[in-house]
Amino acid sequence: AQNTSGRAKGKIPSSIKRWNWAAFLYPQVWGLFSGVPFATLLFAVAFLPSTAKFLILLSASLFLGFKGNELAWRGKKWRSVEHFNSFQQQWTSWSVRLSAAIGAILIIFIFTQTGG
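Residues numbered from 1 in each chain as written. Predicted model: local features only at pLDDT ≥ 70, side-chain atom pairs only at ≥ 80, totals over all residues. Heavy atoms only, no water.

Undergrad: Whenever I open this one, the overall build of the protein chain confuses me. Can you help?
TA: Counting secondary structure elements, the protein chain contains four helices and zero strands. The order of α-helices and β-strands along the protein chain, N terminus first, is α-α-α-α. Seen along its three principal axes, the alpha-carbon backbone of the protein chain occupies a region of about 60 × 30 × 20 Å. Taking the contacts inside the protein chain whose residues are at least 6 apart along the sequence as the reference set, 69% of them involve residues at least 24 apart. (Helix = DSSP H or I, 4+ residues; strand = E, 2+ residues; numbered from the N terminus. Contact = heavy atoms within 4.5 Å.)

Undergrad: What exactly am I supposed to notice about the environment of Leu-42 here?
TA: Within the secondary structure, Leu-42 sits in the loop between helix H2 (27–33) and helix H3 (50–75). On the basis of relative accessible area, Leu-42 is assigned to the buried category, the value being 11%. Spatially, the C-alpha atom of Leu-42 lies 9.2 Å from that of Lys-53, the residues being eleven residues apart in sequence. (Buried < 20%, exposed > 50% of the residue type's maximum accessible area, 1.4 Å probe, protein only.)

Undergrad: Help me understand H3 in this model?
TA: An α-helix turns once every 3.6 residues. As a result, residues three or four positions apart point the same way. For H3, with 26 residues, the first-to-last C-alpha span of 30 Å runs short of the 38 Å given by 1.5 Å per residue. At Lys-67, H3 shows its strongest bend, of approximately 65°. Among the residues of H3, Ala-60, Ser-61, Leu-64, Gly-65, Gly-68, Asn-69, Glu-70, Ala-72 and Trp-73 are the ones counted as buried. Where H3 is buried, its residues meet helix H1 (21–25), H2 and helix H4 (81–114). (Expected span 1.5 Å × (residues − 1). Bend = angle between axes of the 7 residues up to and from the residue.)

Undergrad: Help me understand the side chain of Gln-28 in this model?
TA: For Gln-28, the location among the structural elements is in helix H2. Sequence-distant contacts of Gln-28, defined by excluding residues within four places in its chain, comprise Ala-39, Thr-40, Leu-42, Phe-43 and Leu-57.

Undergrad: Help me out: how do you make sense of the packing of H3 against H4 in this one?
TA: Relative placement of two packed helices is described by the angle separating their axes and the distance separating the axes. In contact at an axis separation of 12 Å, H3 and H4 are set at 130° when each is read in the N-to-C sense. With respect to their mutual orientation, H3 and H4 come out oblique. Handedness of the crossing formed by H3 with H4: right-handed. Contacts between H3 and H4 involve Asn-69, Ala-72 and Trp-73 from the first element and Val-81, Phe-84 and Gln-88 from the second. Of the residues contributing to the contact of H3 with H4, the split by class is four nonpolar, two polar and no charged. (Axes fitted to C-alpha atoms, helices over the stretch in contact; angles between N-to-C directions. Parallel < 35°, antiparallel > 145°, perpendicular 65-115°, else oblique. Left-handed = near helix turned anticlockwise from the far one by under 90°. Nonpolar A, V, L, I, M, F, W, Y, C, P; charged D, E, K, R; others polar.)

Fair warning: the whole summary comes from geometry, so function is off the table for now.
As structure tokens, then:
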């Protein structure tokens, strides 16, 4: 199959049409390295009121979780589908591990503060 990555109208291989955990968990940083630069605009959301910030980040995270692979495929030239999948799998691995570590630290912090 022809490699159509990096083309705005490039055909999306069926093997990449799936949920992207890295795009969902860390959309701003993931977007920098995955060819989805508009995701970096989410850094500016930090300056918004908390309710707006939450709604925008949640919406953007859900959207990028669903459509991130397709946007990344079209946003950057990849060597192959295998290269793309390998890259995204590495991002997923790191984002899940980092989220788990942050969650564990938060739980430990909460227990130490409440005496539990």
